[in-house]
Amino acid sequence: MAHKHLPEIEQLERIVALGGAALRCETRWLPEGLGVPALPLHLVTLGATDPQAPAVGYFGGVHGLERIGTDVVLAWLHSVVARLSWDTALHQQLERVRLVFVPVVNPGGMLRGTRANPRDVDLMRNAPVDALEPVPWLAGGQRLSRRLPWYRGSAGAPMEAESAALCAWVERELHGRPFSLALDCHSGFGMRDRVWFPFACRRDPMPHLAQVHALQAIFEASNSHHAYVFEPQSRQYLAHGDLWDHLYLRACERPGTVFLPLTLEMGSWLWVKKNPRQLFSRSGIFNPQIAHRHRRVLRRHLPLLDFAMRAAAASPSWLPTGDAADRHRQAALARWWGAGGTEA
Ligand SMILES: [Zn+2]
C-alpha cells in the first residue's frame, strides 16, 4: 500500500511494515478531487488490548503546513517499533498501556501545502462547538468564506471526513477507559514550546483540572530542565470548533473516566528568528528548515511523548483523589487563574 504522493505516508507505511504483527493499521480513504488524489488516513494501534487499560493517542498533521508535528509523531512511533525486538521494559509497558497513532490527520492539506484540508476547512475549527466568549477575528474560526483562513465549514454541515474519522477513532480507542491521554502535535505559535489543555471555547477551568495539574507536576518533577509552558489554551486565545474541546466534552459524558487531551504547540518563531529567510518560504514558518535544527526539534520532544506513555501506564499511581485532588485543583487555580499567577 506504499503511497507515492506524500513522503510522510510512505514513511508511516514503512514503519508499519517494520512493526509486523505487533501493530494494527486501519485505513480510511479520502476520495480524490479538488486537485488531490485519493489519500489514506491511517490509524495505527499497538499494546494492551484490555478495553480498561489506559491508552495514549498521538496525533499530527491536523494542519497540513505543520509537517514537523507529523515528523515528531513518526519519530516516536519509529522509536517504539525499533525497540520491539529487544526492549523488555518497553514490552512490560505495552502490556499495561495501549498506544494509538494518527500521524497524518490531514494528508490532502499536507500534499497541497495548506493549513486547511482540500475543501479549505481548518480541521481545528471544524467541530460542533461554539466559543462562549468573543474569539479573535478570523483566527478564532469564521464562516464568512472558505477563501479566508480558519474557515469552520458551513453551519450545520457534517464534520469534514478527516475530522469525523479522527473523532470516531478517538471515541472508540480512547474514550470509555478509566484513563486516557491525547497528544496532538502542532507548530506555528510563538517563541516557546507550549502544552495546552482545554478549553479553547471558554476561559473557565476544565472539570479535570486536578488531574491535568497532577500530570504536569510529575512531568516537571522528573524533567527539571524542560522548556515547556503548560497552560490552558484559553490563556492564549479562544476559538470555535476545537476538536479537542469537542472530544473532551464528549468524554465528560462518561462518568468514571478521565480523558486528558493535550496539544503540543512547538514554538516555530524560534526557528524563524534563527533563520529569517524562512519567512519567505511557504512551509518555512512552520517547520525548521535546516537539517540539524530539524533533528534537534525531533530529539527535543521525544521525552514528552515517552512521558505520555509512562504516565498513562502508571496512571493509578499518580492520579489524585480526595484531598489530594482538592490540593491540585487549588494549586492549578492559583497558577493559571489566580490574580497573582506568575506563569512564565
Ligand atoms: Zn496547528
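Everything that follows concerns the structure shown earlier in this document.
What you see is a predicted model; the values in this text were computed from it and never measured.

Draft legend 1. Region of the structure containing the overall build of the protein chain. Within the protein chain one finds 11 helices and 8 strands. The C-alpha atoms of the protein chain give 19 Å as radius of gyration, which agrees with the globular expectation for 344 residues (20 Å, within 12%). A buried classification covers 56% of the 344 residues belonging to the protein chain. Here the analysis covers contacts within the protein chain between residues at least 6 apart in sequence; of these, 78% occur between residues at least 24 apart. For the protein chain, the accessible area works out to roughly 14700 Å², and carbon and sulfur atoms hold 56% of it. Of the side chains in the protein chain, 38 bear a positive and 31 a negative charge, and the two mean positions are spaced by 5 Å.

Draft legend 2. The nonpolar core, seen in detail. With 84 residues, the main nonpolar core has Tyr58, Leu99, Phe101 and Trp244 as its most contacted residues. In contact with Phe101, other than residues within four places in its own chain, are His42, Leu43, Val44, Leu46, Tyr58, Val73, Trp76 and Leu77.

Draft legend 3. View of empty space enclosed by the protein. In the structure shown here, the tally under the stated rule is 4 cavities of 30 Å³ or more. Approximately 60 Å³ is the volume found for the largest cavity. Looking at the largest cavity, the residues that line it are Trp196, Phe197, Pro198, Phe199, Ala200, Gln233, Asp242, Trp244, Asp245, Pro261 and Thr263. Elements with a contribution of two residues or more to the lining of the largest cavity: strand 6 (193-197), helix 7 (243-252) and strand 8 (258-266). Here the lining of the largest cavity is composed, by residue class, of 7 nonpolar, 2 polar and 2 charged.

Draft legend 4. Structural view of the sheet that holds strand 5 (residues 179-187). Spatial ordering of the open sheet is given by 1-2-4-3-5-8-6-7, a layout of 8 strands whose pairing is mixed. Of all the strands in the sheet, the pair left with one neighbour each is strand 1 (24-30) and strand 7 (228-232). Each strand axis lies, on average, 20 degrees off the axis of its neighbour in the sheet, ignoring direction. Pairing geometry for strand 2 (residues 39-47) and strand 4 (residues 98-102), over 4 bridges, is antiparallel. Each residue of the ladder has a partner; that of Thr45, found in strand 4, is Val100. On top of the sheet, helix 1 (residues 7-19) reaches strand 1 and strand 2; it is set at about 35 degrees to strand 2, its chief contact.

Draft legend 5. Representation of the coordination of the zinc ion in the model. With distances of 2.0 to 2.5 Å, the protein atoms coordinating the zinc ion are His63 (ND1), Glu66 (OE), Glu66 (OE) and His186 (ND1). Considering all 4 donor atoms around the zinc ion, angles at the metal cover 55 to 150 degrees and the coordination shape is irregular. All donors of the zinc ion come from a single chain, and their spacing in sequence reads H-x2-E-x119-H. In this pair, His63 sits in the loop between strand 3 (55-60) and helix 2 (67-83) while His186 sits in strand 5, placing the two residues 123 residues apart along the sequence. Given the relative accessible area of 3%, His186 is considered buried.

Draft legend 6. Representation of the pattern of salt bridges in the model. All told, the structure shown has 20 salt bridges when counted by the stated rule. In this structure, the salt-bridge partner of Arg172 is Glu173, at a minimum N-O distance of 2.8 Å. Accessibility expressed as a relative area gives 8% for Glu173, which makes it buried. Notably, a salt bridge pairs Arg335 with Glu220, separated by 3.5 Å at the nearest N-O pair. You can see Arg335 sitting in helix 11 (residues 322-337) and its partner Glu220 sitting in helix 6 (residues 209-222), a full 115 residues away along the chain. Under the relative-accessibility criterion, Glu220 is labelled partly exposed at 26%. Via salt bridges that share partners, Glu26, Arg98, Arg172 and Glu173 belong to a single interconnected network.

Draft legend 7. Structural context of helix 11. Across its 16 residues, helix 11 extends 22 Å between first and last C-alpha, which sits within 8% of the 22 Å expected from 1.5 Å per residue. Taken together, the buried residues of helix 11 touch strand 6, helix 6 and strand 7.

Criteria and cut-off values
Residues numbered from 1 in each chain as written. Predicted model: local features only at pLDDT ≥ 70, side-chain atom pairs only at ≥ 80, totals over all residues. Heavy atoms only, no water. Helix = DSSP H or I, 4+ residues; strand = E, 2+ residues; numbered from the N terminus. Rg over C-alpha atoms; globule rule 2.2 N^0.38 Å. Buried < 20%, exposed > 50% of the residue type's maximum accessible area, 1.4 Å probe, protein only. Contact = heavy atoms within 4.5 Å. Areas by Shrake-Rupley, 256 points an atom, 1.4 Å probe, with all protein chains shown as cover. Lys, Arg positive; Asp, Glu negative; His and termini not counted. Charge placed at Lys NZ, Arg CZ, Asp CG, Glu CD. Core = buried A, V, L, I, M, F, W, Y, C linked by side-chain atoms within 4.5 Å. 1 Å grid on protein atoms, 1.4 Å probe; cavity = no way out; pocket = protein on both sides within 12 Å on 5 of 7 lines; lining within 4 Å. Points joined across faces, edges and corners; volume = space filled by probe spheres on them. Nonpolar A, V, L, I, M, F, W, Y, C, P; charged D, E, K, R; others polar. Pairing = 2+ DSSP bridges. Axes fitted to C-alpha atoms, helices over the stretch in contact; angles between N-to-C directions. Donors = N, O, S within 2.8 Å, 3.2 Å for Na, K, Ca; no water. Tetrahedral: all angles 85-135°; square planar, octahedral: opposite > 155°, others 65-115°. Salt bridge = Lys/Arg side-chain N within 4 Å of Asp/Glu carboxyl O. Expected span 1.5 Å × (residues − 1).

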